[in-house]
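# Chain and residue survey
The chain contents come next:
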Amino acid sequence: QRHLLGIEGLSPFDITALLDMADEAVEVSRQVEKKRATLRGRTQINLFFEPSTRTQSSFELAGKRLGADVMNMSVASSSVKKGETLIDTAATLNAMRPDIIVVRHHAAGAVHLLARKVDCSVVNAGDGAHEHPTQALLDAQTIRRNKGRIEGLTVAICGDILHSRVARSNILLLQALGARVRCIGPSTLLPAGIERFGVEVFTDMRKGLVDADIVMMLRLQRERMNGSFVPSVREYFRYFGLDREKLALARPDALVMHPGPMNRGVEIASDVADGAQSLIREQVEMGVAVRMAVLEALARNLPNS
Ligand code: CP
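None of the values given here were measured: they were computed from a predicted structure. (Residues numbered from 1 in each chain as written. Predicted model: local features only at pLDDT ≥ 70, side-chain atom pairs only at ≥ 80, totals over all residues. Heavy atoms only, no water.)

### Some remarks on the confidence of the model for the protein chain
Scored by pLDDT, the protein chain comes out at a mean of 95, with 98% of its residues at no less than 70. Across the predicted assembly, pTM comes out at 0.96 and ipTM at 0.98. (pLDDT = per-residue confidence, 0-100.)

What follows is the structure, encoded as structure tokens:
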């Protein structure tokens, strides 16, 4: 494929191949000499219209570890602030002949639109509440490395499902690889008709966590709740925050994940986030590896590869 725009459209074979490549990238990243020449001579532009710590920095490191010239485009100080449109911005960057553009945008579908306007490969680094494919890939890789498999596991995704591109990409990926997915949250933060994705839905977190192998917590995305109901932090934590008592309802060997950024004391207690069952730091390490795998896979389809 020329682009990575979503998990939708990837087969279980594609996903597994990317995870296998990411396992190799972990080994590269753990060596003292981390640099490879796979993308030498190639140009990667990271174009982030929304804030990011993990995704942007790991795409930058991934590109650099593969030998690419990586440019982080600062949207805040760009001509976007003077009213330049997404399409004109894309056309301008395209004229500089990049090989790969990594894009994050607040509007669902914006990355697909941009991909139709440029000649290079495009990677979706998160578009609105639509998809965040590399997050789902790194989550799957973290699960696979810790549980040895994904098929047959019960994964409970908890919290603000309504505004979460991470939830959507994870539902698609985890089901493609044979996991059972539960979505847990207050009814106001569950998308209407989410059952059609084949997930089990719970509005009582205590019931939804029973026998879960993986508990994946999501951030309350207040910035996307324009005018809609915003729960109070205290009440939200009481019913939907992951603390030790609620975690004890999952399997004894259950593992805890969070894509970040975390709001401690809102959706997750600090002692759980930092506890022995937490994979949160490992998710960050896998983020670099998965992004190396994605860039490498796209590079194989670049002209003159
Ligand atoms: N998980 C994630 O996308 O984090 P950032 O917003 O920091 O990139």
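### A few points about the sheet that holds strand β9 (residues 255–257)
Judged by pairing direction, the sheet is parallel, and its 5 strands sit side by side in the order β7-β6-β5-β8-β9 without closing on themselves. One side of each edge strand has no neighbouring strand; the edge strands of this open sheet are β7 (200–202) and β9. With direction set aside, neighbouring strand axes in the sheet form an average angle of 20 degrees. As defined by bridge partners, strand β6 (residues 180–184) adjoins β7 across 3 bridges and the pair is classed as parallel. Note that in β7 the partner of C183 across the bridge is V201. Contacting β8 (214–217) and β9, helix α5 (residues 133–147) crosses the sheet at an angle of about 165 degrees to β9. (Pairing = 2+ DSSP bridges. Helix = DSSP H or I, 4+ residues; strand = E, 2+ residues; numbered from the N terminus. Axes fitted to C-alpha atoms, helices over the stretch in contact; angles between N-to-C directions. Contact = heavy atoms within 4.5 Å.)

### Concerning the layout of surface pockets
Of the pockets and cavities examined, the largest pocket occupies roughly 570 Å³. In terms of lining residues, the largest pocket is bounded by 33 residues, among which R54, R104, P259, G260 and P261 are the most central. Elements supplying a minimum of two residues to the lining of the largest pocket: α2 (54–65), α5, α6 (165–176) and α11 (280–299). The dominant element in the lining of the largest pocket, judged by the number of residues it contributes, is α11, at 7 residues. The residue inventory of the lining of the largest pocket, partitioned by class, reads 11 nonpolar, 13 polar and 9 charged. Of the volumes computed, that of the second largest pocket is approximately 320 Å³. Along the walls of the second largest pocket sit 14 residues, with Q1, L10, D14, L18 and A297 positioned nearest its centre. Going through the elements one at a time, α1 (12–29) and α11 are the ones with two or more residues in the lining of the second largest pocket. In the lining of the second largest pocket, the residues fall into 9 nonpolar, 3 polar and 2 charged. (1 Å grid on protein atoms, 1.4 Å probe; cavity = no way out; pocket = protein on both sides within 12 Å on 5 of 7 lines; lining within 4 Å. Points joined across faces, edges and corners; volume = space filled by probe spheres on them. Nonpolar A, V, L, I, M, F, W, Y, C, P; charged D, E, K, R; others polar.)

### Some points on the packing of α5 against α11
With their axes 8 Å apart at the nearest point, α5 and α11 run at an angle of 115 degrees to one another. For the crossing formed where α5 meets α11, the hand is right-handed. Counted together, T134, Q135, L137, L138, D139, Q141, T142, R145 and N146 of α5 and E282, Q283, M286, G287, A289, V290, R291 and V294 of α11 form the full contact between these two elements. In the contact of α5 with α11, the residues fall into 6 nonpolar, 7 polar and 4 charged. (Left-handed = near helix turned anticlockwise from the far one by under 90°.)

### Describing the site of the ligand
The environment of the ligand is formed by S52, T53, R54, T55, R104, H132, Q135, P259 and G260. In the environment of the ligand, an oxygen atom lies 2.9 Å from a nitrogen or oxygen atom belonging to the backbone of R54. Measuring from a nitrogen atom of the ligand, one finds a backbone N or O atom of G260 at 3.1 Å. When isolated, the ligand has an accessible area of 260 Å², and the protein chains bury 92% of it. Structurally, the ligand is housed in the largest pocket. Classifying every residue of the shell around the ligand gives 1 nonpolar, 6 polar and 2 charged. (Near = heavy atom within 4 Å. Polar contact = N/O pair within 3.5 Å; in protein donor to acceptor, adjacent residues only side chain to side chain. Areas by Shrake-Rupley, 256 points an atom, 1.4 Å probe, with all protein chains shown as cover. Sits in = over half its atoms within 2 Å of the grid points.)

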